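Listed below are the residues making up each chain.
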Amino acid sequence: MYKRKLFYFGLTTAFFLFLALLSTAISSHLTRENLLQSNIAHSLLVEHEKLSSISYRLFKQLTDEIIFGQNANQAYVRKKQNLIQQSLNQIKKLEIEQRKALGISFTKGSIEDTDELVRMIDEITIEFRAVVSSGNKAPLNQQAQLKRLLEVTIDDQFREAINSAVARQTRVVTAINAKMDMLNTTILWFAIGLGALSIPLILYGCYWLFNQLYQPLILIANATNSIALGHYQKPISVKLDDEFEELATSINQLALRLQEHENNAIQSRKQLEQEVKQRTSELTEANLLLTKIDSRRRQFIADVSHELRTPLTIIRGEAQVTLRMQSVSIDDFNQTLTSILGQAVGLSRLVDDLLLLTRAEMNQIGLEVLPTQIVPLIRTEVAKWQKLNLSRSIACVTHSDLDDLVVTIDTQRIQQVLAILFDNAIKYSKSDQPIDISLHKTESLITITIKDHGEGISAAEVDNIFERFVRFSKHSEGLGLGLPIAKAIIEAHDGSISVISTQGQGSVFSISLPLGHA
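Residues numbered from 1 in each chain as written. Predicted model: local features only at pLDDT ≥ 70, side-chain atom pairs only at ≥ 80, totals over all residues. Heavy atoms only, no water.

(A) Just the overall build of the protein chain, in detail. Counting its regular elements, the protein chain contains 10 helices and seven strands. Within the protein chain, the proportion of its 518 residues that are buried is 33%. Intrachain contacts of the protein chain at a sequence separation of at least 6 include 72% that bridge at least 24 residues. Here the protein chain has roughly 32100 Å² of accessible surface; of this, 57% comes from carbon and sulfur atoms. (Helix = DSSP H or I, 4+ residues; strand = E, 2+ residues; numbered from the N terminus. Buried < 20%, exposed > 50% of the residue type's maximum accessible area, 1.4 Å probe, protein only. Contact = heavy atoms within 4.5 Å. Areas by Shrake-Rupley, 256 points an atom, 1.4 Å probe, with all protein chains shown as cover.)

(B) Just the nonpolar core, in detail. In terms of nonpolar packing, the biggest core is built from 44 residues, with Ile374, Ile437, Ile450 and Ile511 touching the most fellow members. Of all the elements, helix α8 (residues 411-427) adds the most residues to this core, at eight residues. If near-sequence neighbours (up to four positions away) are discounted, isoleucine 450 is found in contact with Leu421, Phe422, Ala425, Ile435, Asp436, Ile437, Ser507, Val508, Phe509 and Ile511. The next biggest cluster of nonpolar side chains, apart from the first, holds 31 residues, and it includes Ile40, Ala41, Leu62 and Val172. (Core = buried A, V, L, I, M, F, W, Y, C linked by side-chain atoms within 4.5 Å.)

(C) Looking closely at the pairing of strand β7 (residues 506-514). Counting buried positions along β7 gives eight out of nine residues, so the element sits mostly inside the fold. Summarising the sheet, strand β5 (residues 445-452) and β7 pair through seven bridges and their orientation is antiparallel. Across the sheet, residue isoleucine 450 finds its bridge partner in β7, namely phenylalanine 509. Both strand β6 (residues 496-502) and β7 contribute to a ladder of seven bridges, which runs antiparallel. Pairing of serine 496 across the sheet is with serine 512, part of β7. As consecutive antiparallel partners, β6 and β7 are separated by three residues, and within that stretch glycine 504 has a phi angle of approximately 90 degrees, a positive value. (Pairing = 2+ DSSP bridges.)

(D) A nonpolar patch on the surface, seen in detail. Taken together, the side chains of Phe18, Leu22, Ile26 and Leu30 present a nonpolar region at the surface, about 350 Å² in accessible area. Its place among the elements puts leucine 22 in helix α1 (residues 2-68). (Patch = residues over 30% accessible without salt bridge, like charges linked within 9 Å, V, L, I, M, F, W, Y side chains within 5 Å. Salt bridge = Lys/Arg side-chain N within 4 Å of Asp/Glu carboxyl O.)

(E) Broad picture of the packing of α8 against helix α10 (residues 482-492). Between α8 and α10, the shortest axis-to-axis distance is 9 Å and the interhelical angle comes to 145 degrees. For the pair α8 and α10, the crossing hand works out as left-handed. Residue-level inspection shows Arg413, Ile414, Gln416, Val417, Ile420, Leu421 and Asn424 of α8 in contact with α10, the latter providing Gly482, Leu483, Ile485, Ala486, Ile489 and Ile490. (Axes fitted to C-alpha atoms, helices over the stretch in contact; angles between N-to-C directions. Left-handed = near helix turned anticlockwise from the far one by under 90°.)

(F) Structural context of the packing of aromatic side chains. Applying the stated criterion across every chain, the model contains two aromatic pairs. On the numbers, 6.3 Å between centres and 85 degrees between planes, the contact of phenylalanine 466 with phenylalanine 509 is edge-to-face. Of this pair, phenylalanine 466 sits in the loop between α9 (459-464) and α10 while phenylalanine 509 sits in strand β7; the two residues are 43 residues apart in sequence, bridging distant segments of the chain. With respect to burial, phenylalanine 466 and phenylalanine 509 carry one shared label: buried. (Phe/Tyr/Trp six-rings, centres within 6.5 Å; stacked < 30°, edge-to-face > 60°.)

(G) Just the sheet that holds strand β2 (residues 394-397), in detail. Spatial ordering of the open sheet is given by β2-β4-β5-β7-β6, a layout of five strands whose pairing is mixed. The two strands at the open ends of the sheet, each matched to only one other strand, are β2 and β6. The sheet shows a mean angle of 15 degrees between the axes of neighbouring strands, taken without regard to direction.

(H) Structural context of the environment of isoleucine 202. Residue placement: isoleucine 202 occurs in helix α4 (residues 144-228). Taking the relative accessible area as the measure of exposure, isoleucine 202 reaches 27% and is therefore partly exposed. In this structure the C-alpha to C-alpha distance between isoleucine 202 and threonine 13, which are 189 residues apart in sequence, comes to 6.9 Å.

(I) Geometry of the pattern of salt bridges. Evaluation of the coordinates by the stated rule reveals six salt bridges. Between arginine 119 and glutamate 123 there is a salt bridge, and its shortest N-O distance comes to 2.3 Å. Linking arginine 119 with glutamate 123, this pair stays in helix α3 (residues 110-134), spanning four residues, or about one helical turn. Residue arginine 119 is classed as partly exposed on the basis of its relative accessible area of 35%. A relative accessible area of 37% means that glutamate 123 is categorised as partly exposed. Between aspartate 403 and arginine 379 there is a salt bridge; the shortest N-O distance is 3.4 Å. Remark: arginine 379 occurs in helix α7 (residues 374-388) and aspartate 403 occurs in the loop between β2 and β3 (406-409); sequence separation between them is 24 residues.

(J) Spatial organisation of a negative patch on the surface. Together, Glu151, Asp155, Asp156 and Glu160 line one region of the surface with negative charge. Looking at where aspartate 156 falls in the secondary structure, it is placed in helix α4. (Lys, Arg positive; Asp, Glu negative; His and termini not counted. Charge placed at Lys NZ, Arg CZ, Asp CG, Glu CD.)

(K) Expanded view of α8. Compared with the 24 Å implied by 1.5 Å per residue over 17 residues, the 24 Å span of α8 between its first and last C-alpha is a close match. For α8, the set of buried residues is Ile414, Val417, Leu418, Ile420, Leu421, Phe422, Asn424, Ala425 and Ile426. (Expected span 1.5 Å × (residues − 1).)

(L) Structural context of α10. Among all positions in α10, only Leu483, Pro484, Ile485, Ala486, Ala488, Ile489 and Ile490 are buried. Among the residues trailing α10, aspartate 494 stands out with phi positive, at a value near 65 degrees.

(M) Here's a closer look at unusual backbone geometry. With a phi angle near 65 degrees, aspartate 494 is a residue other than glycine that sits in the positive phi range. Tracing the chain through its elements places aspartate 494 in the loop between α10 and β6.

(N) Summary view of the packing of α7 against α8. Taken N-terminus to C-terminus, the directions of α7 and α8 make an angle of 40 degrees; their axes are 11 Å apart at the nearest point. Regarding the angle of α7 to α8, the classification is oblique. Where α7 crosses over α8, the handedness of that crossing is right-handed. In this structure, α7 uses Leu377, Ile378, Glu381, Val382 and Trp385 to contact α8, whose residues at the interface are Thr411, Ile414, Gln415, Leu418, Ala419, Phe422, Asp423 and Ile426. (Parallel < 35°, antiparallel > 145°, perpendicular 65-115°, else oblique.)

(O) Main features of the environment of arginine 171. In this fold, arginine 171 is placed in helix α4. The sequence separation of arginine 171 and alanine 41 amounts to 130 residues, and the corresponding C-alpha distance is 9.4 Å.

Put into C-alpha cells, the structure is as follows:
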C-alpha cells in the first residue's frame, strides 16, 4: 500500500520535473539559435563597416593615381582590392547562412544589395581607370567626369548603399534581440507558473507522505528500544501497511532470535569459562613440562660439555707430554696415537649419536633396507654379547618356524638398537642374573623382547625413559641418548618400542617391526 503511495507521488514529481527539463531544453536550444543569428548579424555589421573603410581608402589611392600618375600606389591598390574581395566573400557567406536560418522574408534584399555593392565598386574602379587613361590635363575641379564620380557615385550612391546595408543588419539584430527578450519573458512566466503549480503540490505530497510514514517509524523505533532494553516478547503488535508489516514481522522474529542467542550466549559463556579453566590447567602443565625439558636441556649441555672436555683434555695432554719429551721412541708415539685415536673414536660416536637424533627430529634418517632373516641376526648378536660377558647367561628362545622369517630392515641400525638394549640390560642387572630374549610373530608384526632381572625402573622413570637427554640420578653414566636413539631407529622402520617394568623385578623391553616392509 505504501509503495503505491510512493509511486503516485514519484510519478507526479517526475511529471513536473519533466516539464521543467523540457522547457529548459527548448529554451536552451532557442537561445542558442538566436545567439548564433545575433552573432551572424553582428559579424555582418562589422564586415560592412570594414568594407566601407577599405573601399574609401581604395578610392583615395585611386584618386592619388589621377593626381600623381598612373603608376602611383599600384601595390596598395591591389592590396585593397584583395581585402575588399575577401570582405565581400565573407559578407556573402554570412548572408547565405542568415537567409537559411531566418528565411527570405526576414532577410529580403540582403544578398541582392550585396551584389549591387560589388557591381558599384567594380564600376567606380573602372571609372577611375577611365579618368586616368583619358589623359585630361584640365584642373581636377574642372573635370566633369571626375567630379560626377566623386560627388555622385561615391558620396551619394555608394555611401547610401553601404548605409542601407548597415541599417538593414541593424534592424535584423534588433529583431533578433526582440525575439530573445520575448523568449526569455515567456520562459520566465512559464517557470513562475510551473513553480506556482508544482511547489504547493510537492509540499502537500511530502506532508502527506510524512504523515503516512511517521506512525510506523514511531512504532518501529519504540520496538527497537524495547529490544535494546531486553524486552523480546512481540515488540510490534499493531497492523501496518503491507511493506511495514513485513518489517514488523522481521523485527518480531529478530527479537525471538535475539532471545535465543542471548540464552545460547549465557550457556556458551559458562562453557567457555569451563574451557578456559581447563586450558589454563593444561597450559600450567605444559609450562611445568617445558620447565622440566629446559632443566634437562641444561643438564644435557653440561653433560655434553663434560663428555667433550674429558677426551679433548686427554688428547691435548697426550700430545703435549709427547712433544715435551727429549727423546721419543716409536713405542711412545704409538702409545700416544693409540690413546688419541681412542678418544677421537669416542668423540665421533658421540657426534654420530647427536646427528642421528637431529635427523630423527627432521624425519631424515637414511635407512638402507634389505630383506633379512631376523632370527640368525639376533642369535649372532646374542653370541657376541655372551662372549663379552661369560659369567652371565644370555639366552635366545624362538620357535623353529621362525628361523626362516624374513624382515625388510636396515641391518646395522637394528644391530645398533639391540646393542643399546643388551648393554642396558647388562649394565642395570647383577652379573649372575640372566637375560632372556624371545621372538613372537603375529599376522603383521614380529616382536622381539629383551628381559632382565635387575632392579627395575620406577613408574615415574618409565614415563620419561625414551625422552632425549633424560638421565636418572642413580644412573650417572652416559648422556641418556641410548634409548631415544633406539626409539628413533625403530620408528623409522614404522615400528614401535615399549617397556614394562616392576621395581625390584626387572624390566622387559619390546620391539615390534612390521612384516614385509620397513
